[in-house]
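Observations on the three-dimensional arrangement
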Amino acid sequence: MTVRGAADRAGDHPVIEKGARLGYAASGVLHLLLAWVTVRLAFGSGGEEADQQGALSQLGSEGAGRVLLVVLLIGFVLLALWQAVDAIAHGSAGERVKAAAKAVVYAVLAVTTIQVLSGSGSSGGSQPTAGLLGSGIGRVLVGLVGLGIVAVGGYHVVKGWKRKFLADLRQHPGRAVERAGQVGYIGKGIALAVLGVLVVTAAVTADPERAEGMDVALRTLAELPFGAVLLCLIALGFAAYGVYAFGRARYAKV
């Protein structure tokens, strides 16, 4: 049996299919939490980081929340596995690359969840970036990463505006979920674009603090005129994406 054939059979296993749906639901929970910490940042009442780790840490601060974190971890792992299987067994070269990238994203979320559960934070996260920014080639690489993040953000905006996300579903999820998907993809895309611009700026100015992640991007927005309003709009986008993710858990093509 070939590797592709084995992956195809694994992808058809009921555990992988149900796990992928659980993973999409876990993504929904994560984005709702991210919306909450973004709103708290907008009104100056949040001490946690306004990123995925901060959102998960907020959930894990209570006993029942830690149980839910374990469920999210299982969902992220199984969804990463399903995306990896999809990258091996299905679609064109471009579709496989996209599936592989998604597998990495969900694997990183699984690792982040493990870190939150174990109480080990991501200290010193800007050190690799600082090292890269110390050389000309490194700054070029960081700049290219930033441009890539901007491109991904733009892709999300276009996908939301043109409702291309409906192609990921086996049937129409209903008007409410469709609208949530539009708002969610556009809002998330804008947040990613801001992050990408900051990473490019870090490459130009050799300032690693600007490339530290979503938390810095959102805090930068908070410092702008009407920053609280902008953050609330982005929080609305995160929340809408979370609602769409729950719809995707039910209607996704897996």
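Here the structure is a predicted model, which is why all the values come from computation and not from measurement.

1. Considerations on the confidence of the model for the chain
Close inspection of predicted coordinates is inappropriate in any region flagged by low pLDDT. In the predicted model, the chain carries a mean pLDDT of 84, and 86% of its residues have values of at least 70. Helix α10 (residues 227–251) holds the highest mean pLDDT among the elements of the chain, 94, whereas helix α1 (residues 3–11) holds the lowest, 52.

2. Overview of empty space enclosed by the protein
Remark: the empty space left among the atoms is shown by a probe the size of a water molecule rolled over them. Going through the model one piece at a time under the given rule, you end up with one cavity of 30 Å³ or more. Along the walls of the largest cavity sit Tyr24, Ser27, Tyr106, Tyr241, Tyr244, Ala245 and Arg248, which together make up its complete lining. It is α10 that contributes the most residues to the lining of the largest cavity, four residues altogether. Grouping the amino acids of the lining of the largest cavity by side-chain chemistry returns five nonpolar, one polar and one charged.

3. A closer look at helix α5 (residues 93–118)
Over its 26 residues, α5 extends 37 Å from the first C-alpha to the last, a length consistent with the 38 Å expected when each residue adds 1.5 Å. Here α5 has its buried residues at Ala99, Ala103, Tyr106, Leu109, Ala110, Thr112, Thr113, Val116 and Leu117. Downstream of α5 by one or two residues, Gly119 has phi in the positive range, about 80°.

4. Focus: the nonpolar core
Within the largest apolar cluster, 49 residues are counted, with the highest numbers of intra-cluster contacts made by Leu72, Phe76 and Leu218. Elements that contribute at least two residues to this core include exactly α2 (14–42), α3 (52–59), α4 (63–89), α5, α8 (175–205), α9 (214–222) and α10. Among the nonpolar cores identified, the runner-up in size contains nine residues, and Leu169, Val177, Tyr185 and Ala240 belong to it.

5. Let's talk about a nonpolar patch on the surface
Where nonpolar side chains cluster on the molecular surface, the patch consists of Val183, Leu224, Phe226, Val229, Leu230, Leu233 and Leu236 and spans about 680 Å² of accessible area. Relative to the helices and strands, Phe226 is located in the loop between α9 and α10. Overall, Phe226 belongs to the exposed group, its relative accessible area being 69%.

6. Overview of the pattern of salt bridges
A full pass over the atoms with the stated rule returns seven salt bridges. Residues Glu17 and Arg21 are paired through a salt bridge, measuring 3.8 Å at the closest nitrogen-oxygen approach. Here Glu17 pairs with Arg21, and both are found in helix α2, just four residues apart, close to one helical turn. According to the relative accessible area criterion, Glu17 is partly exposed, its value standing at 31%. In this structure Arg21 comes out as buried when scored by relative accessible area, which is 17%. Between Arg248 and Asp168 there is a salt bridge, and its shortest N-O distance comes to 3.8 Å. Of this pair, Arg248 sits in helix α10 while Asp168 is found in the loop between α7 (136–161) and α8, placing the two residues 80 residues apart along the sequence. With a relative accessible area of 19%, Asp168 lands in the buried category. Among the charged side chains, a salt-bridge network with shared partners connects Arg163, Arg175, Glu178 and Arg179.

Cut-offs applied
Residues numbered from 1 in each chain as written. Predicted model: local features only at pLDDT ≥ 70, side-chain atom pairs only at ≥ 80, totals over all residues. Heavy atoms only, no water. pLDDT = per-residue confidence, 0-100. Helix = DSSP H or I, 4+ residues; strand = E, 2+ residues; numbered from the N terminus. 1 Å grid on protein atoms, 1.4 Å probe; cavity = no way out; pocket = protein on both sides within 12 Å on 5 of 7 lines; lining within 4 Å. Points joined across faces, edges and corners; volume = space filled by probe spheres on them. Nonpolar A, V, L, I, M, F, W, Y, C, P; charged D, E, K, R; others polar. Expected span 1.5 Å × (residues − 1). Buried < 20%, exposed > 50% of the residue type's maximum accessible area, 1.4 Å probe, protein only. Core = buried A, V, L, I, M, F, W, Y, C linked by side-chain atoms within 4.5 Å. Patch = residues over 30% accessible without salt bridge, like charges linked within 9 Å, V, L, I, M, F, W, Y side chains within 5 Å. Areas by Shrake-Rupley, 256 points an atom, 1.4 Å probe, with all protein chains shown as cover. Salt bridge = Lys/Arg side-chain N within 4 Å of Asp/Glu carboxyl O.

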